[in-house]
Amino acid sequence: MKRILITGGAGFIGSNLAKKLLEDENNKVICIDNFDPFYSTRQKELNVEGLKANKRFKFIGGSIRSMDDLNKAKGVDVIIHLAAKTGVRPSIHEPGVYYDVNVKGTQTLLEFAKQQKIQQFVFGSSSSVYGINKNVPWKENENLLPISPYASTKLSCEMLGHVYHHLYGMRFIALRFFTVYGPAQRPDLAIHKFFKSILNDKPIPVFGDGTTSRDYTFVDDIVKGIISAISYTASGYEIINLGNYKSVGLNELIKMIENISGKNAIIEKLPEQPGDVRSTYADISKAKKLLGYDPRTTLEDGLKSFYSWFTANTSEI
């Protein structure tokens, strides 16, 4: 049986990953999460509520910055590190907190992995590390110029991973996620926020002229990429994009959400925000080659899936 530790396991991506991993009876999943108050604790509780009845699931309420908490997960074979302080804009106001949690937390987790002789470490990085870069679609070997504290912490963690690979032979796979969405998505992210506002006849904030674009990637496709990385052994250190290989404009996204919800959006025009990039767009040829990654979910189908989840859980969140 493979014992897999997921940090941030009660969160959006972590809980979806745990559910998928538990479908395989050869997996035991240990989640650690400190229920950071960045968004509703109730939503995180809902995310793991159905998992706790599974005998192959263990939940640890704790912090990645605490070695005592991490030691409750001794004996794991693989670490999937998804825990982090998230959000570009909030990081500008609290850069020290983001550094403390994201970088120091990752350092502590790498030390735990070293002590426990864990050889497979998969890290959830971010497309934000690319910063402003016109060479789209973005390849992993681009010159990186992050423009927010959050992005810089993710890049720092990628480099920490290289250090531990070099010094201790630990396999470190950094997966750069591109605008992940789907059931259980965080409420601060655009798709969740837009559906909620439109359905409640409240304005949605549009920063700039609506021509910014993102490579929206459905969470099930991201989960498949992570699971492939768990068993990847061909090299010791890799950075790999996980995106959808398509950049969709904000105005187009809003029209799709209007069509699915059956309601028109009330637009609140706001200035462009510091730290935001105008476009993201992933080159996923490396992911296809190394992981067999093949995202299949169209944006329309993914939005419908999120809408179904949201309407079923709206009274709880």
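Look up: the structure comes first, before these words.
Residues numbered from 1 in each chain as written. Predicted model: local features only at pLDDT ≥ 70, side-chain atom pairs only at ≥ 80, totals over all residues. Heavy atoms only, no water.

Caption draft 1: The packing of helix 9 (residues 250-261) against helix 11 (residues 299-313), seen in detail. Packing of helix 9 against helix 11 brings their axes to within 10 Å, and their N-to-C directions diverge by 50 degrees. Comparing the axis directions of helix 9 and helix 11 gives the class oblique. Like other packed secondary-structure pairs, helix 9 and helix 11 cross with a definite hand, here right-handed. Residues Leu253, Met256, Ile257, Ile260 and Ser261 of helix 9 form the contact with helix 11, whose own contacting residues are Leu299, Glu300, Leu303, Lys304 and Tyr307. (Axes fitted to C-alpha atoms, helices over the stretch in contact; angles between N-to-C directions. Helix = DSSP H or I, 4+ residues; strand = E, 2+ residues; numbered from the N terminus. Parallel < 35°, antiparallel > 145°, perpendicular 65-115°, else oblique. Left-handed = near helix turned anticlockwise from the far one by under 90°. Contact = heavy atoms within 4.5 Å.)

Caption draft 2: Main features of the sheet that holds strand 5 (residues 120-126). The sheet built from 7 strands is open, its strands ordered 3-2-1-4-5-6-11 with parallel pairing. Each end of this open sheet is capped by a strand with a single partner; those strands are strand 3 (57-61) and strand 11 (237-242). Sheet twist, expressed as the average angle between the axes of neighbouring strands with direction ignored, equals 20 degrees. Where helix 5 (residues 95-115) meets the sheet, it contacts strand 1 (2-7), strand 4 (78-81), strand 5 and strand 6 (171-177), and its direction lies at approximately 175 degrees from that of strand 4. (Pairing = 2+ DSSP bridges.)

Caption draft 3: Highlighting helix 8 (residues 219-230). Relative to the 16 Å expected for 12 residues at 1.5 Å per residue, helix 8 spans 17 Å between its end C-alpha atoms, a close match to the ideal helical length. Among the residues making up helix 8, those that are buried are Val219, Asp221, Ile222, Val223, Gly225, Ile226, Ala229 and Ile230. (Expected span 1.5 Å × (residues − 1). Buried < 20%, exposed > 50% of the residue type's maximum accessible area, 1.4 Å probe, protein only.)

Caption draft 4: Focus on the environment of Leu160. As for its placement among the helices and strands, Leu160 is situated in helix 6 (residues 149-168). A C-alpha to C-alpha distance of 8.5 Å links Leu160 and Val103, two positions 57 residues apart in sequence. Sequence-distant contacts of Leu160, that is, excluding residues within four places in its chain, are made with Val103, Gln107 and Leu110.

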